[in-house]
Amino acid sequence: MGITADFFLGVNSPEGFVTYGDTLVTPQEKRRIFLIKGGPGTGKSTLMRQVAETLEDIENEKGLTERIHCSSDPDSLDGVIFHHADAILLDATPPHAVEPYAPGAYESVVNLCDCWDEKILQANRTPILALNAQNKLCHSRCRNFLQAANSLLSSNRLMALDAADTDKITRYAKRVALHEFAHKGAGKAIEHKRFLRAVTPKGMISLDSTIPALCDRVYLLSDPYEASSSLLLSALRLLALEYGHEIFTCYSPFNPKSQVEELFIPALRLGFCAGNNRTLLPFAPYRVVHESRFIDMEQLKKHRQRLKFNQKAAGELINEAVLLMQVAKKLHDDLEKYYIRAVNFHQVNQKKEKLLQELGQILCGR
């Protein structure tokens, strides 16, 4: 049976909006990519959700389907990835803009911009520009709060790392790799970079339903300061790739290019998850690895007051970032209203039907 997993491909972070969308458009012989271009309210997310719901059953008889959620509106989709057919459907408009590498030959551009009446939009140019400017300002302020929160969280992580035995972490990673996946690889090393967590208008959301979709066994790394778990996960990631596995590496929304929070090896139904982000897994962990195994807890206790203060203050800063994202979401919804009035949804539906037909043929192997 196939499976469906949920991820974020891009997140709001201390570095601004960071996306791994560009990792999907590396040309491959059999891959088909459909890039959806259009403004707010033109039906991009609805189109992708309808395509996913219509075609998931076909793909799920064979392989994995990924639903890529929007971190600015987690109820909306930014993409759908059908792994068995190597077909990808992406929202390719800012802030996650993706430009075609070889349009027509490699990517197909589904242009919803030709489904609107520009005269209607031009007549509302002033409020549209004002809403865009306010939305951009909200995201900029959100970034500032996330930077401040990350500064405090990083301080905690550095204090914990200072008390950590890094050689012990490396040795443990090698033992786990030898036991779990050293003798089961030797395939082509493939890495899919994703996010399982994101700061959203609904708060910090973790798409934990993905864990049982990809795993039957999970190593839960209990580590409130993301120190030993980050080193351990980074070491396991490199070993899994060295042994020739296909992996999903999920990064932290606070350090989106360096700090690993989850690692999944779907072929082995095996996962490794930092436990500081969730109090409960959807099922009992196979093994719990406590940070005390690698960290001198007596040394860390010397910083107890500072650690506690930083954690609490970071939480308050993150809450402020969430409030700003809620404002940005409201501004975006107001912006959508202008575009909805200008869109010919009959034309959008025609494009959807054409896309469904073409993707259906790809998934069925015709």
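Colleague: Looking at this structure, how should I read the packing of helix H3 (residues 125-162) against helix H8 (residues 304-340)?
Modeller: Helix packing for two helices is described by the angle between their axes and how far apart those axes are. For the pair H3 and H8, interaxial distance at closest approach is 8 Å and the crossing angle is 165°. As summarised for this structure, H3 and H8 are arranged roughly antiparallel, according to the angle between their axes. Like other packed secondary-structure pairs, H3 and H8 cross with a definite hand, here left-handed. Classifying every residue of the contact of H3 with H8 by side-chain character gives 26 nonpolar, nine polar and four charged.

Colleague: Would you take a moment to explain the sheet that holds strand S13 (residues 246-251) for this structure?
Modeller: If you trace the six strands from one edge of the open sheet to the other, you get S9-S13-S14-S15-S12-S16, paired in mixed fashion. Edge positions in the sheet fall to strand S9 (190-194) and strand S16 (287-290), since each of these pairs with one other strand and no more. Looking at each pair of strands side by side, their axes are set apart by 15° on average, direction ignored. Of the strand pairs in this sheet, strand S12 (residues 217-222) and strand S15 (residues 270-274) are connected by five bridges, and their pairing is parallel. Its bridge partner being in S15, valine 218 is matched across the sheet by glycine 271. Of the strands in this sheet, S12, S15 and S16 touch helix H4 (residues 166-180), which is tilted by about 175° from S12. Across the sheet, helix H6 (residues 228-242) touches S9, S12, S13, strand S14 (260-265) and S15, and the angle it forms with S14 is around 35°.

Colleague: For this particular structure, what's the right way to read the packing of aromatic side chains?
Modeller: Geometrically, a pair of aromatic rings is defined through the distance of the ring centres and the angle of the planes. Under the counting rule described, the total for this entry stands at eight aromatic pairs. Between phenylalanine 7 and phenylalanine 248, the ring centres sit 5.3 Å apart and the planes meet at 0°, which makes this aromatic pair stacked. On the criterion of sequence distance, the pair formed by phenylalanine 7 in strand S1 (residues 3-8) and phenylalanine 248 in strand S13 is long-range, its members being 241 residues apart. With respect to class, phenylalanine 7 is no different from phenylalanine 248; both count as buried. Through successive ring pairs, a cluster of aromatic residues spans Tyr20, Phe195 and Tyr251. Its end group placed over the ring of tyrosine 286, arginine 217 keeps NZ or CZ at 4.6 Å from the ring centre.

Colleague: I tried to follow the pattern of salt bridges on my own but got confused; where do I start?
Modeller: Overall, the coordinates contain 20 salt bridges when judged by the stated rule. Here glutamate 298 and lysine 301 are joined by a salt bridge, their closest N and O atoms 3.3 Å apart. Of this pair, glutamate 298 and lysine 301 are both found in helix H7 (residues 297-301), three residues apart, which corresponds to roughly one turn of the helix. Looking at glutamate 298, the relative accessible area reads 53%, which means it is exposed. For aspartate 334, the salt bridge goes to lysine 330, with nearest N and O atoms at 3.0 Å. A residue pair is termed a helical-turn pair when its members lie 3 or 4 positions apart in one helix, as aspartate 334 and lysine 330 do in helix H8 at four residues. Of the residues examined, aspartate 334 reaches a relative accessible area of 18% and is grouped as buried.

Colleague: In this structure, what is going on with the nonpolar core? I would like to understand it.
Modeller: One recurring pattern in soluble globular proteins is that nonpolar side chains are buried together. With 54 residues, the main nonpolar core has Phe7, Phe181, Tyr219, Leu232, Leu236, Phe264 and Phe272 as its most contacted residues. Once residues lying within four places of it in the same chain are set aside, the contact partners of tyrosine 219 are Tyr172, Val176, His179, Glu180, Leu270, Gly271, Phe272, Cys273, Tyr286, Arg287 and Val289. Membership of the second largest hydrophobic core comes to 33 residues, among which are Ala87, Leu89, Leu331 and Val343.

The rules behind the values
Residues numbered from 1 in each chain as written. Predicted model: local features only at pLDDT ≥ 70, side-chain atom pairs only at ≥ 80, totals over all residues. Heavy atoms only, no water. Axes fitted to C-alpha atoms, helices over the stretch in contact; angles between N-to-C directions. Helix = DSSP H or I, 4+ residues; strand = E, 2+ residues; numbered from the N terminus. Parallel < 35°, antiparallel > 145°, perpendicular 65-115°, else oblique. Left-handed = near helix turned anticlockwise from the far one by under 90°. Nonpolar A, V, L, I, M, F, W, Y, C, P; charged D, E, K, R; others polar. Pairing = 2+ DSSP bridges. Contact = heavy atoms within 4.5 Å. Phe/Tyr/Trp six-rings, centres within 6.5 Å; stacked < 30°, edge-to-face > 60°. Buried < 20%, exposed > 50% of the residue type's maximum accessible area, 1.4 Å probe, protein only. Lys NZ or Arg CZ within 6 Å of the ring centre and 35° of its normal. Salt bridge = Lys/Arg side-chain N within 4 Å of Asp/Glu carboxyl O. Core = buried A, V, L, I, M, F, W, Y, C linked by side-chain atoms within 4.5 Å.

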